[in-house]
Amino acid sequence: MFGLSGFGRGTVGGIVGMTALALLAGCAGRPAGVLLPVVGAEQVPGTSRVDMLVATTRKSATDKGILFSGERGDAVTYTDLVVSIPPDAARQPGSVQWPKSIPGNPATDFVALRADPIERAKVPTWIGRTVRRSAKRHVLVFVHGFNNKFEDAVFRFAQIVHDSGAEVAPVLFTWPSRGSVLAYGYDRESTNFSRNGLETLLRDLTRDPNVGEVTILAHSMGNWLTLESLRQMAIRDRRIAPKIRNVILAAPDVDMDLARAAFHDMGKDRPRLTLMVSGDDQALAVSRLVWGDSVRLGAIDPNAEPYKSELERENVAVLNLTSVKSSDALNHGKFASGDVVALLGKRLADGQPISDGQIGIGDRLVSTAAGAASTVATGAALAVAAPVALVDPQTRETYGEHLSNVGSGFRNALGSTVDLAGAPVRAVVGGER
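Source: prediction; values computed, not measured. (Residues numbered from 1 in each chain as written. Predicted model: local features only at pLDDT ≥ 70, side-chain atom pairs only at ≥ 80, totals over all residues. Heavy atoms only, no water.)

Colleague: Please explain the pairing of strand β8 (residues 272–277) as it appears in this structure.
Modeller: A regular strand places its side chains so that they alternate between the two faces of the sheet. Counting buried residues along β8, 5 of its 6 residues qualify, which places the element largely inside the surrounding structure. Across 5 bridges, the pairing between strand β7 (residues 244–250) and β8 is parallel. Each bridged residue has a counterpart across the sheet, and for N246 the counterpart in β8 is R272. Viewed along the sheet, the connection from β7 through helix α7 (residues 256–266) into β8 turns out right-handed. Of the pairings in the sheet, the one linking β8 to strand β9 (residues 316–320) comprises 5 bridges and is parallel in character. Its bridge partner being in β9, V277 is matched across the sheet by N320. (Buried < 20%, exposed > 50% of the residue type's maximum accessible area, 1.4 Å probe, protein only. Helix = DSSP H or I, 4+ residues; strand = E, 2+ residues; numbered from the N terminus. Pairing = 2+ DSSP bridges. Right-handed = clockwise from strand over helix to strand, strands pointing away.)

What follows is the structure, given as structure tokens:
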């Protein structure tokens, strides 16, 4: 285990530290309540809209601009939610433009147009209306990863759908994440809490005669939830519903042994699986360096044995994103980059494998670190989070609170006084500041 004072002296830690420090000056916080519907946004020339169905196991929030919190709800809740995206001339593909103030400006920002709750019994009506835009009656289900507030998941999925150009009915499944890099344990348990909810959603979709096929896109910790829900479905029904054709596993934070068991329990009649890897995810490389955790599915070298043979035997395709450029400073969100989602949209439209190697991103399969810290109640977990706290305003908002909650052991490690700006820097570069 690495001590706090020596954490940043390794090569990877130093790289992350320098990257974070260089970008600190450019960070700014986001206003709360960005999902409050903006009146008249549809009249702004050049804007686009994404009409999505949101299914969530989160608890409802009293603030209409937040809609759902990071706490766990009593049942799955459904919302018909429409997002306005600014004109293409005002944004780069792969990016989400967050409002700087409330209400947002639809000419430059992602804003909500509508957020109407609907009952589960009315979901087939929404699906039937939306899938008519697609000749294949195709539904795309997105399951987000660790450290996502409700609005993060909504705007990111809207970006993916818009930039992919895919003719799909977009369905977001969002589970109770606290939206803090320091809440790993809570988020992980929330995926377990949400397994039945996702399985029920997928079963409802595949039983709907309006639906022709379903693709699932999961990111990071959302892969654990996805694999567990599909595994449950296979065990209950003796197979995964045949309408689920593709499952895309982007940087999966899943124990390799558990992934093997999930693949086995899914049976031979399972969807086509695609694994996305990237070798330059700096923050997650630090996580792997510190924790030395059990092998993660997203952290394997798929060109090395035994993984190469296992992936071939399990018919899991691999897409290497290492050379794809990312606007994300820590290269953690490549799966949503313009090039990748454009590929996704084209392959889904053509019915082709997603990983056919024809987008010029290289043929060398590399390892990636796709997990985060296994626990949050230690000094090492806070050290893992520190680089992200520097570049992520959302994390900075909760960093101090977590420091005060971990107890005297961590306070003794850092000293009697912990300051929000200094602690991350000490964790990254070592020594006192």
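What follows continues from the structure just given.
Colleague: Where do I start with the pattern of salt bridges in this structure?
Modeller: Side-chain pairs of opposite charge can arise whenever the charged atoms involved come near each other. Throughout the structure, instances matching the rule amount to 18 salt bridges. Here R129 and D80 are joined by a salt bridge, their closest N and O atoms 3.7 Å apart. Taken together, the residues R129 in helix α2 (residues 123–131) and D80 in strand β2 (residues 68–85) connect sequence positions 49 residues apart. For R195, the salt bridge is made with E228, and the minimal N-O distance between the two is 3.0 Å. Here R195, found in helix α5 (residues 195–207), pairs with E228, found in helix α6 (residues 222–237); they are 33 residues apart in sequence, far enough to count as distant. One network of salt bridges, with partners in common, ties together D51, D80, R114, D116 and R129. (Salt bridge = Lys/Arg side-chain N within 4 Å of Asp/Glu carboxyl O.)

Colleague: Would you explain the side chain of E151 in this entry?
Modeller: For E151, the location among the structural elements is in helix α3 (residues 150–164). We note that E151 is buried and unpaired, the nearest opposite charge coming from R30 at a distance of 4.3 Å. Excluding residues that lie within four positions of it along the chain, E151 makes contacts with R30, V34, L35 and W98. (Lys, Arg positive; Asp, Glu negative; His and termini not counted. Contact = heavy atoms within 4.5 Å.)

Colleague: Whenever I open this one, the side chain of D253 confuses me. Can you help?
Modeller: Its place among the elements puts D253 in the loop between β7 and α7. Take D253: its relative accessible area is 1%, and that puts it in the buried class.

Colleague: When you look at the confidence of the model for the protein in this model, what are you seeing that I'm missing?
Modeller: Low pLDDT marks stretches whose predicted atomic positions should not be read closely. Looking at the protein as a whole, its pLDDT mean stands at 76, while 65% of the residues score no less than 70. Within the protein, α5 carries the highest mean pLDDT (98), whereas helix α14 (residues 422–429) carries the lowest (36). The model gives residues 1–27 a pLDDT under 50, and that stretch makes 60 contacts with residues more than four places away or in other chains. This model gives residues 405–433 a pLDDT under 50, and the stretch forms 56 contacts once residues within four places in sequence are excluded. (pLDDT = per-residue confidence, 0-100.)

Colleague: Explain the nonpolar core here, please?
Modeller: Across soluble globular proteins, nonpolar side chains have a tendency to be buried as a group. Judged by nonpolar contacts, the single largest core of 53 residues is most densely connected at I127, V139, V141, V143, I216, I244 and L297. At 6 residues, the largest contribution of residues to this core is made by α6. With residues up to four places along the chain from it excluded, the contact list for V141 reads V171, L202, L205, V214, T215, I216 and L217. Counting 38 residues, the second largest nonpolar core, distinct from the first, contains V83, A112, M276 and L321. (Core = buried A, V, L, I, M, F, W, Y, C linked by side-chain atoms within 4.5 Å.)

Colleague: Help me understand the sheet that holds β9 in this model?
Modeller: Either a parallel or an antiparallel arrangement is found when strands of a sheet pair, and the pairing is made through backbone hydrogen bonds. Strands sit in the order β3-β2-β1-β5-β4-β6-β7-β8-β9 across an open sheet of 9 strands; the sheet is mixed. In this open sheet, the two strands that pair with only one neighbour each are β3 (111–118) and β9. Looking at each pair of strands side by side, their axes are set apart by 20° on average, direction ignored. (Axes fitted to C-alpha atoms, helices over the stretch in contact; angles between N-to-C directions.)

Colleague: So what exactly am I meant to see when it comes to the packing of α5 against α6 here?
Modeller: Two numbers describe a pair of packed helices, the interaxial angle and the distance between the axes. One can describe the packing of α5 onto α6 by two numbers: an axis separation of 9 Å at closest approach and a directional angle of 65°. The way α5 lies across α6 gives a crossing that is right-handed. Seen from α5, the contacting residues are R195, N196, L198, E199, L202 and R203; seen from α6, they are L225, T226, E228, S229, L230, Q232, M233, R236 and D237. Split into classes, the residues belonging to the contact of α5 with α6 amount to 5 nonpolar, 4 polar and 6 charged. (Left-handed = near helix turned anticlockwise from the far one by under 90°. Nonpolar A, V, L, I, M, F, W, Y, C, P; charged D, E, K, R; others polar.)

Colleague: Where do I start with the packing of aromatic side chains in this structure?
Modeller: One pair of aromatic rings is described through two measures. These are the centre distance and the angle between the planes. For the coordinates displayed, the defined rule picks out 5 aromatic pairs. Consider the rings of W98 and F155, whose centres lie 5.0 Å apart with planes at 50°: the pair is tilted. One end of the pair, W98, is in the loop between β2 and β3; the other, F155, is in helix α3, and 57 residues separate them in sequence. Judged by relative accessible area, which is 0%, F155 ranks as buried. Where F142 meets F157, the ring centres are 5.4 Å apart and the plane angle is 20°; that geometry is what we call stacked. A residue pair is termed long-range when its members are at least 10 positions apart, and F142 in strand β4 (residues 138–143) and F157 in helix α3 qualify at 15 residues. Judged by relative accessible area, F157 falls into the buried class, the value being 0%. (Phe/Tyr/Trp six-rings, centres within 6.5 Å; stacked < 30°, edge-to-face > 60°.)

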